[in-house]
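Take a look at the letters that make up each chain.
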Amino acid sequence: MTDGQHREAAAKLSRVWERIGFEPFQDGVHILDCHLQRPQDLLAERQEEFHALCRAWWEPHRP
């Protein structure tokens, strides 16, 4: 893996953590305030998006 690929992968992973409520801290570390409801809500939203993508893919590929 090149340095550029590593940076791109790290940036994508960072965006995923942030989408479910984690806050950037330092050096690629993210933290989560466990007293907040928001992360659970954000995770539920991402799970709904994932299931919708799965259904959209599955429909034309059914035997």
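Structure: above.
**Some thoughts on the overall build of the chain**
- The helix and strand inventory of the chain stands at 2 helices and 2 strands.
- Walking the chain from its N terminus toward its C terminus, one meets helices and strands in the order α-β-β-α.
- In summary, the chain has a C-alpha radius of gyration of 16 Å against a globular reference of 11 Å for 63 residues, an excess of more than 25%.
- Expressed along its principal axes, the backbone C-alpha trace of the chain runs to roughly 45 × 40 × 10 Å.
- Per-residue burial for the chain yields a buried fraction of 13% across its 63 residues.
- Surface exposure of the chain reaches about 5,700 Å², of which carbon and sulfur atoms provide 58%.
- Charged side chains in the chain number 8 positive and 11 negative. The centres of these two groups are separated by 7 Å.

**Some details on the packing of aromatic side chains**
- Within this structure, the stated rule accounts for 2 aromatic pairs.
- Note on Trp57 and Trp58: the rings are 6.1 Å apart at their centroids and 35 degrees apart in plane angle, and the pair reads as tilted.

Basis of the calculations
- Residues numbered from 1 in each chain as written.
- Predicted model: local features only at pLDDT ≥ 70, side-chain atom pairs only at ≥ 80, totals over all residues.
- Heavy atoms only, no water.
- Helix = DSSP H or I, 4+ residues; strand = E, 2+ residues; numbered from the N terminus.
- Rg over C-alpha atoms; globule rule 2.2 N^0.38 Å.
- Buried < 20%, exposed > 50% of the residue type's maximum accessible area, 1.4 Å probe, protein only.
- Areas by Shrake-Rupley, 256 points an atom, 1.4 Å probe, with all protein chains shown as cover.
- Lys, Arg positive; Asp, Glu negative; His and termini not counted.
- Charge placed at Lys NZ, Arg CZ, Asp CG, Glu CD.
- Phe/Tyr/Trp six-rings, centres within 6.5 Å; stacked < 30°, edge-to-face > 60°.

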